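A structural walkthrough
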Amino acid sequence: MGNSQLSAAKKAKNDEFYTRMTDIEHELVHYRDHFKGKVVLCNCDDPFESNFFRYFALNFNHLGLKRLIATCYSGSPIADGEYQPALQALLQSRQITAIVCYNDLLAVDCYHFFAQIGVRVPEDVSVCGFDGLPLSDFFLPQLTTVRQSADELADHGARLLLESIEHPGTVRHEVIPFSLAKRESVRPLPPDITQQKA
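No experiment lies behind these values; they were computed from the predicted model shown.

Moving on, we come to the pairing of strand β4 (residues 126-131). Buried residues dominate β4, accounting for 5 of its 6 residues. Relative to β4, strand β3 (residues 98-100) is paired through 3 bridges, and the arrangement is parallel. The residue of β4 that forms the bridge with Val 100 is Cys 128. Note that the unit made of β3, helix α6 (residues 104-116) and β4 has a crossover that is right-handed. Inspection of the sheet shows β4 paired to strand β5 (residues 144-148) by 4 bridges, in the parallel sense. Paired with Cys 128 across the bridge in β5 is Thr 144.

As a further point, take the sheet that holds β3. Within the open sheet, the 4 strands sit side by side as β3-β4-β5-β6. Their pairing is mixed. This sheet does not close on itself; its edge strands, each paired only once, are β3 and β6 (178-181). Taking each pair of neighbouring strands and ignoring which way they run, the sheet shows an average axis angle of 15 degrees. Here α6 sits on the sheet and contacts β3, β4 and β5; the angle it forms with β4, its principal contact strand, is near 155 degrees.

Another point: the pattern of salt bridges. Evaluated as defined, the whole model comprises 2 salt bridges. A salt bridge links Glu 163 to Arg 159, with the shortest nitrogen-to-oxygen separation between them at 3.4 Å. With Glu 163 and Arg 159 both in helix α7 (residues 150-166), this residue pair falls 4 residues apart, about one helical turn. Owing to a relative accessible area of 26%, Glu 163 belongs among the partly exposed residues under this scheme. Exposure remark for Arg 159: the relative accessible area of 33% places this residue in the partly exposed category.

Let us look at the packing of aromatic side chains. Summed over the entire model, instances satisfying the criterion amount to 3 aromatic pairs. Between Phe 113 and Phe 114, the aromatic rings sit 6.0 Å apart at their centres with planes inclined by 45 degrees, giving tilted as the arrangement. Taken individually, Phe 113 and Phe 114 each receive the classification buried, so the pair is uniform in this respect.

Cut-offs and rules
- For every chain, the first residue of its written sequence is number 1, and the numbers climb from 1 along that sequence.
- Reporting of local features is limited, given that this is a predicted model, to residues whose pLDDT is at least 70; pairs of side-chain atoms are given and counted only at 80 or more, and all residues count toward the totals for whole chains, interfaces and linings.
- Think of the side-chain values as coming from all heavy atoms in the structure, minus any hydrogens and water.
- Buried means the residue's accessible area, taken with a 1.4 Å probe over protein chains only, is under 20% of the maximum for its type, while exposed means over 50%, and partly exposed covers the values in between.
- Helix and strand definitions here come from DSSP, where helices need a minimum of 4 consecutive H or I residues and strands a minimum of 2 consecutive E residues; each element is numbered from the N-terminal end.
- Whether two strands pair depends on DSSP finding at least two bridges between them.
- The handedness rule is simple: strands pointing away from the viewer, and a clockwise path from the first strand over the helix to the second, make the crossover right-handed.
- Throughout, an axis means a line fitted to C-alpha atoms (over the contacting stretch in the case of helices), and angles, computed between N-to-C directions, take values from 0 to 180 degrees.
- Residue contacts are defined here by distance: any two heavy atoms, one from each residue, within 4.5 Å place the two residues in contact.
- For this analysis, a salt bridge means a side-chain nitrogen from Lys or Arg found within 4 Å of a carboxyl oxygen belonging to Asp or Glu.
- Planes of paired rings set the category: under 30 degrees apart is stacked, over 60 is edge-to-face and the rest tilted, where pairs are Phe, Tyr or Trp rings (Trp by its six-membered ring) whose centres lie within 6.5 Å.

Given below as structure tokens:
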């Protein structure tokens, strides 16, 4: 089989971040045993765009990886400064006590930005991620995150897709169970703040 699926994906998408997650999963299933105890370097893969990085991050424990590294020329909206002025203004005004990021990788970018401007996590601001990537266990401080099951999301999505094909026009809303992994990046609010909010 070689890398025929990946080459086909490149031809179909024809851009830098061409590879679809399904193509990566179909190809790398043949090499799972080779990753145990290894360091994976995703060279020039922006972790916010790269499905290769996302695949290895989601399967970090399952594959038994030792380490995952991504290098890239362009960064994230926070690292590149797009959101920095707004974040800095909010922090200085003391109007926020916490930031909830739409994924764990963005939370790490917040960590780095806050360290650059002397803001401590969680003493000055709490940070919560979303995804529950296995890598979040290794962030310092350990990242509080919302865990969701990628397998369960995929199963439900496939089932709903098949149902919608068999019964067109049927719309159903489902909530997939999730859990909150409470760790070190979130601190309790002082009583005076919680009383003001009530």
